[in-house]
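Below are the chains, spelled out letter by letter.
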Number of protein chains: 2
Amino acid sequence: MTATSGPDLAVLPSDLPVVTREPMVPGGFLVGGMSAGIKASGRPDLAMIRVVNGPAPVAGVFTKNAFAAAPVKLCRAHLKASHPSGDGRSGWTNGLVSTSGSANAATGAAGERDQAAIAGFLAEALGTTVERTLGLSTGLIGTRLPLDKVAAGIRTLVGRLSADPTALAAAAEGIRTTDSRAKMATATVEILGLAGAPRTVRISGIAKGVGMIHPRMATTLSVLMTDAAVTAPEVLSAILSPVAARTWNQLSVDGDTSTNDTVLLIASGAAGSSPAAPGNAAFDALRLGVEAVARDLARQQAADGEGATTLLTCQVTGALDDANARAVARAVISSSLVKAAFHGRDPNWGRIAGAAGNARLTDAAVLQAAGFSQEEASRRGGSPATLDPARLRIAIAGHLVYDGPAGGPATFDKGVVRESLDAPEVLIRLELGLGDGLGEAFGCDLTEQYVIENSEYST
Amino acid sequence: MTATSGPDLAVLPSDLPVVTREPMVPGGFLVGGMSAGIKASGRPDLAMIRVVNGPAPVAGVFTKNAFAAAPVKLCRAHLKASHPSGDGRSGWTNGLVSTSGSANAATGAAGERDQAAIAGFLAEALGTTVERTLGLSTGLIGTRLPLDKVAAGIRTLVGRLSADPTALAAAAEGIRTTDSRAKMATATVEILGLAGAPRTVRISGIAKGVGMIHPRMATTLSVLMTDAAVTAPEVLSAILSPVAARTWNQLSVDGDTSTNDTVLLIASGAAGSSPAAPGNAAFDALRLGVEAVARDLARQQAADGEGATTLLTCQVTGALDDANARAVARAVISSSLVKAAFHGRDPNWGRIAGAAGNARLTDAAVLQAAGFSQEEASRRGGSPATLDPARLRIAIAGHLVYDGPAGGPATFDKGVVRESLDAPEVLIRLELGLGDGLGEAFGCDLTEQYVIENSEYST
């Protein structure tokens, strides 16, 4: 990210490529979605992605919930089994299946057997081995998947997979739960080909998730595909883990971390670009493209948070370092009182200050994923963020509302600020005045509708 | 606390004395409350407590928010100034004043000057030195206190202080903000007197706070008075800090930690009991009485959470240790999804399991207050709680809903459980099957009314 000065302007991550939300499938993939009858409503509940010339390298980031769902355990095991010499977070895959309607979480040994059976159906359909398949699931916790319907769905869908934009839209539909709309994003970057001429590389992602969303490793389900080439699966982990720390881990809808959170990044190599490896130009270009897509999907998820009417983006500059900036941004965006205030279009900077004052660095695992050494991550994980009220400045939607160096509360026209909050997106800016650290976080307002939806969900 | 077996029964903290919520003033104190005109509504907004034969020993636990309000900073400074050789958390006091309507937080140097001026008014009224006074405040963040009204209020109220029950009720009224009712609790214990005969010792507390409540050091405003004697101010810290870790730190309404959180414990010695000191019987009796009052006040606060219709108590047994048990109980009670489910009277154990799976131990400072060594607290603070889904059992309102050892989801009559949730208090029980650790936490359901109140509060 590049900083601009002052607390009144957005800190645009201007080094990221532009993103489109039109459906686009990168080369080397076939995708699709359909209704397999898992959901009683008959809405789409099955999605598949196939690598044409598989297996392809894949990296994953998963929930840290102790109640990790059966598909999460299966993904972790298959990454290891398909790449025994790897880093445990990357491997090889021919394709994946995602079910929605039932999370297959807290279903015990029976649920794990179900997920293994689904992997078997998929392996058979794709003509590959079980450990080269991956599975995702989302929906109600504690219910079993209807195996016969999933098996029939996989058999039908494998014959319908395509590279058409409509097929990606169908896949994005197939992973939805309470999302009000499907979420897709694509970035395009240029990477030199093996022959020396520039090749166009595409990075496309689909995502779901509008509740049980809170920063801790990946949140929600997201699958990113690229036709870039990489030298090894570990290259994809080296890109995905720090990107997740800056994007999905900075997303909060309701403070709950799901049992099924999964983000996958698969590289088909079909674009003919020179292989990315840490330190080379292909790696840097691919990393920016992945981050652009991840950031855009995270913002789509925040904007569609259950019951939300406004996307809240909090950008923090002047922190001691980026980890401190991200901690403060996350604390502001996670505060129920801040979220309720913005629902009321109330420029209540006192609640923003109060929330910032409680900020804690993320836990050691995320700090390490973001690039800290194990020792430093372990020492700093969960510790209070550094903040000095006398140096802090706060702006809401471009209006300075708190100016620590000038003595505290700023004079502003409440009616004018209030009016500027009546928008689909509101920017909260904090300048800490302590250093060069930058960071942002994404959330939404807290509404009566959130409570209504979530007090009626399972019954 | 004493454990009973199985997940279907409440873990009663049966070693605590019985508590009454009738107003009672321990010997050696004069109290009172009134409307000083700080609130535009004309509702009570000033409370005072005076030690008759002061100064008396006092201990405090305060917010860890970086935006700590002016009264919190003043209390910390006065504890140190009145007891330079002390532990920094205890000192000597002749009395305190509490204002409500304006929090005097994020008001910069001007707010600190205001609070010092208020301490001056109080010292003059009580005939003591400034450093032997304490101040509390609660209300809107970022607004200044009307000094002239506070000064006039203190001058009027000091002449009206009394030991009558109605005076304590008035003080409890004077610290309210959005509370729907005043909160008081009293426990009585027997401690041998200096002459050898048993003396009746009273511990009485008042509390306020129904929003911006989340575990981290003390939450909300609470003042506890006792007529017990102690050998030194540090004895009160040795009682108050671990009690706060087990009670107020286990209370969550909305996940926000206030800028003004303050809990004070003052001992007048008027009961003529033998002085409490760590290791003696007087200390143990006083500790139990303080914990009983603290626990009851915390439960009153949870039950009166903004918009709440149900008090949620989560009790956890079978954890590796008490810190793990408290972490799991706190995670369940803090989950927006669990809170919303109980508002819908939905026995959604999947959300309970999901929330438990995210539990983290509290931070190092609270662990240390609860009795861990600095090294162990620093190592374990913020780390994931230990949980094994295969051993976990969950009961809601006495009904077993999840039985890990038996394979997971239990069979239960949803209609029957649903009906038992339509109560002013619901017990959620988790048996972890891992050890002897016990703990509990207090919260409330999340309702549309919470959102409505908090999207309209400051405007």
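Quantities reported herein were computed from a predicted structural model and do not represent experimental measurements.

A. Looking closely at the overall build of chain A. Of the regular secondary structure elements, chain A holds 13 helices and 17 strands. For 459 residues, the compact-globule estimate of 2.2 N^0.38 gives 23 Å, and the C-alpha radius of gyration of chain A, at 22 Å, lies within 12% of that figure. Its C-alpha atoms give chain A principal-axis dimensions of about 70 × 60 × 40 Å. Looking at the 459 residues of chain A, the share that counts as buried comes to 66%. Taking as baseline every contact in chain A between residues at least 6 positions apart, the subset at least 24 positions apart corresponds to 79%.

B. The arrangement of the interface of chain A and chain B in detail. Listed as interface residues are 54 residues of chain A and, on the opposing side, 54 residues of chain B. Only helix H2 (108-126), helix H8 (336-343), helix H9 (349-357), strand E15 (408-409) and helix H13 (448-454) of chain A provide two or more residues apiece to the side of chain A that touches chain B. Here the side of chain A that touches chain B is built from residues that sort into 21 nonpolar, 26 polar and 7 charged.

C. Region of the structure containing the relation of the copies chain A and chain B. When chain A is fitted onto chain B, the two copies agree to an RMSD of 0.0 Å after a turn of 180° and an axial shift of 0.0 Å. Interpreted geometrically, this transformation is the action of a two-fold axis. Judged by C-alpha distance, A:Glu448 is the residue of chain A that lies nearest the rotation axis, at 2.3 Å. A symmetric contact is evident, with 100% of the interface residues of chain A recurring at the interface of chain B.

D. The arrangement of the pairing of strand E11 (residues 262-267) of chain A in detail. Residue and element names in this part refer to chain A. Burial analysis of E11 places 6 of its 6 residues in the buried class, the great majority of the element. Residues Thr262, Leu264 and Ile266 point to one face of E11 and Val263, Leu265 and Ala267 to the other, with burial holding for every one of them. Here strand E4 (residues 56-62) pairs with E11 via 5 bridges, running antiparallel. Paired with glycine 60 across the bridge in E11 is leucine 264. As paired elements, strand E10 (residues 221-226) and E11 share 6 bridges and run parallel to each other. Each bridged residue has a counterpart across the sheet, and for serine 222 the counterpart in E11 is valine 263.

E. Structural detail: the packing of helix H7 (residues 322-334) of chain B against helix H9 (residues 349-357) of chain B. All names here are of chain B. Two numbers describe how H7 lies on H9: the axes approach to 8 Å, and their chain directions differ by 130°. Classed by the angle they form, the pair H7 and H9 counts as oblique. Pair H7 / H9 crosses with right-handed handedness. Side by side, H7 and H9 meet where Val328, Ala331 and Val332 of the first sit next to Ile352, Ala355 and Ala356 of the second. For the contact of H7 with H9, the per-class residue count stands at 6 nonpolar, no polar and no charged.

F. Broad picture of the sheet that holds strand E2 (residues 29-34) of chain B. All names here are of chain B. A sheet is described by the order of its strands in space; here 4 strands give the open sequence E2-E3-E6-E7, paired in mixed fashion. The sheet is open, and its two borders are formed by E2 and strand E7 (133-140), each paired with just one other strand. In this sheet, adjacent strand axes meet at a mean angle of 10° when their direction is disregarded. Of the pairings in the sheet, the one linking strand E3 (residues 46-51) to strand E6 (residues 95-102) comprises 5 bridges and is antiparallel in character. Pairing of alanine 47 across the sheet is with serine 98, part of E6. The sheet contacts of helix H4 (residues 165-174) involve E2, E3 and E6, and relative to E2 the element is tilted by about 50°.

G. Spotlight on unusual backbone geometry. Across the junction of A:Gly54 and A:Pro55, the peptide omega takes the value 0°, indicating a cis bond. The topology assignment puts A:Pro55 in the loop between strand E3 (46-51) and E4. At A:Arg345, a residue that is not glycine, the phi angle is positive and equals roughly 55°. Relative to the assigned elements, A:Arg345 resides in the loop between H8 and H9. Here the phi dihedral of B:Ala106 falls at roughly 60°; this positive angle occurs in a residue that is not glycine.

H. Structural detail: the pairing of E10(A). All names here are of chain A. Burial analysis of E10 places 6 of its 6 residues in the buried class, the great majority of the element. Burial of E10 is two-sided: the residues Leu221, Val223 and Met225 facing one way and the residues Ser222, Leu224 and Thr226 facing the other way are all buried. As judged from the 6 bridges shared by strand E9 (residues 198-208) and E10, these two strands associate in the antiparallel manner. Residue serine 204 lies in a different strand from E10, and its bridge partner there is methionine 225.

I. Structural view of the environment of B:Gly86. Residues and elements named next belong to chain B. Following the sequence through the fold, glycine 86 ends up in the loop between helix H1 (70-82) and strand E5 (90-93). It is 23 Å that separates the C-alpha atoms of glycine 86 and leucine 122, two residues lying 36 residues apart in sequence. Filtering out sequence-adjacent residues up to four positions away, glycine 86 remains in contact with Gly91, Pro233 and Glu234.

J. Geometry of the sheet that holds strand E1 (residues 19-20) of chain A. Residues and elements named next belong to chain A. Taken together, the 7 strands give an open sheet; going across it, the order is E1-E8-E9-E10-E11-E4-E5, and neighbouring strands pair in mixed fashion. The open sheet terminates on both sides in strands that have one partner only, identified here as E1 and strand E5 (90-93). Each of E4, E5 and E11 touches helix H5 (residues 233-246); the most contacted strand, E4, lies at about 30° to it.

K. Geometry of the domain arrangement of chain A. Residues and elements named next belong to chain A. Taken as a whole, chain A is organised into domain 1 (19-303) and domain 2 (311-454). Distance from the C-alpha centre of domain 1 to the C-alpha centre of domain 2: 30 Å. Across the contact, 20 residues belong to domain 1 and 20 residues belong to domain 2. Counting residues per element, the ones that place at least two in the side of domain 1 that touches domain 2 are H5 and helix H6 (281-303). When grouped by side-chain class, the residues that make up the side of domain 1 that touches domain 2 number 10 nonpolar, 7 polar and 3 charged.

L. Here's a closer look at the environment of A:Gly209. You can see A:Gly209 is positioned in the loop between E9 and E10. C-alpha separation for the pair A:Gly209 and A:Leu221, spaced 12 residues apart in sequence, amounts to 6.7 Å.

M. The arrangement of the environment of A:Gly205 in detail. Residues and elements named next belong to chain A. Relative to the elements of secondary structure, glycine 205 occurs in strand E9. C-alpha of glycine 205 to C-alpha of proline 26: the two residues are 179 residues apart in sequence and 9.7 Å apart in space. In this structure glycine 205 touches Ala185, Ser222, Val223, Leu224, Val293 and Leu297, once residues within four positions along its chain are discounted.

N. Spotlight on the packing of helix H8 (residues 336-343) of chain B against H9(B). All names here are of chain B. Their axes nearest at 9 Å, the elements H8 and H9 cross at an angle of 160°. Overall, the two elements H8 and H9 adopt an arrangement that is roughly antiparallel. You can see that H8 and H9 cross each other, and the crossing is left-handed. Where H8 approaches H9, its residues Leu337, Val338 and Ala341 are matched on the opposing element by Arg351, Ile352 and Ala355. Split into classes, the residues belonging to the contact of H8 with H9 amount to 5 nonpolar, no polar and 1 charged.

O. Up close: H9(B). A large share of H9(B) lies buried, amounting to 9 of its 9 residues. Looking only at H9(B), the buried set comprises B:Trp349, B:Gly350, B:Arg351, B:Ile352, B:Ala353, B:Gly354, B:Ala355, B:Ala356 and B:Gly357.

P. Representation of helix H3 (residues 147-158) of chain B. For H3(B), spanning 12 residues, the distance from its first C-alpha to its last is 16 Å, which sits close to the expected 16 Å at 1.5 Å a residue. Buried-residue contacts for H3(B) involve E2, E3, E6 and helix H2 (108-126) of chain B.

Q. Examining the confidence of the model for chain A more closely. Residues and elements named next belong to chain A. Mean pLDDT over chain A: 88, with 93% of residues reaching 70 or higher. By mean pLDDT, helix H10 (residues 364-369) is the weakest element of chain A at 78, and helix H3 (residues 147-158) is the strongest at 98. Segment residues 1-6: pLDDT under 50, and 11 contacts once partners within four positions in sequence are set aside and those in other chains are kept. Note on residues 215-219: pLDDT is under 50 here. Beyond four places in sequence and across chains, it has 36 contacts. Here the predicted complex carries an ipTM of 0.74, next to a pTM of 0.81.

Definitions and limits used
Residues numbered from 1 in each chain as written. Chains lettered and ligands numbered in written order. Predicted model: local features only at pLDDT ≥ 70, side-chain atom pairs only at ≥ 80, totals over all residues. Helix = DSSP H or I, 4+ residues; strand = E, 2+ residues; numbered from the N terminus. Rg over C-alpha atoms; globule rule 2.2 N^0.38 Å. Buried ≥ 20, exposed ≤ 12 C-beta atoms within 10 Å, placed from the backbone. Contact = placed C-beta atoms within 7 Å. Nonpolar A, V, L, I, M, F, W, Y, C, P; charged D, E, K, R; others polar. Least-squares fit on C-alpha atoms with pLDDT ≥ 70 in both. Pairing = 2+ DSSP bridges. Axes fitted to C-alpha atoms, helices over the stretch in contact; angles between N-to-C directions. Parallel < 35°, antiparallel > 145°, perpendicular 65-115°, else oblique. Left-handed = near helix turned anticlockwise from the far one by under 90°. Domains from an automatic or database assignment. Expected span 1.5 Å × (residues − 1). pLDDT = per-residue confidence, 0-100.

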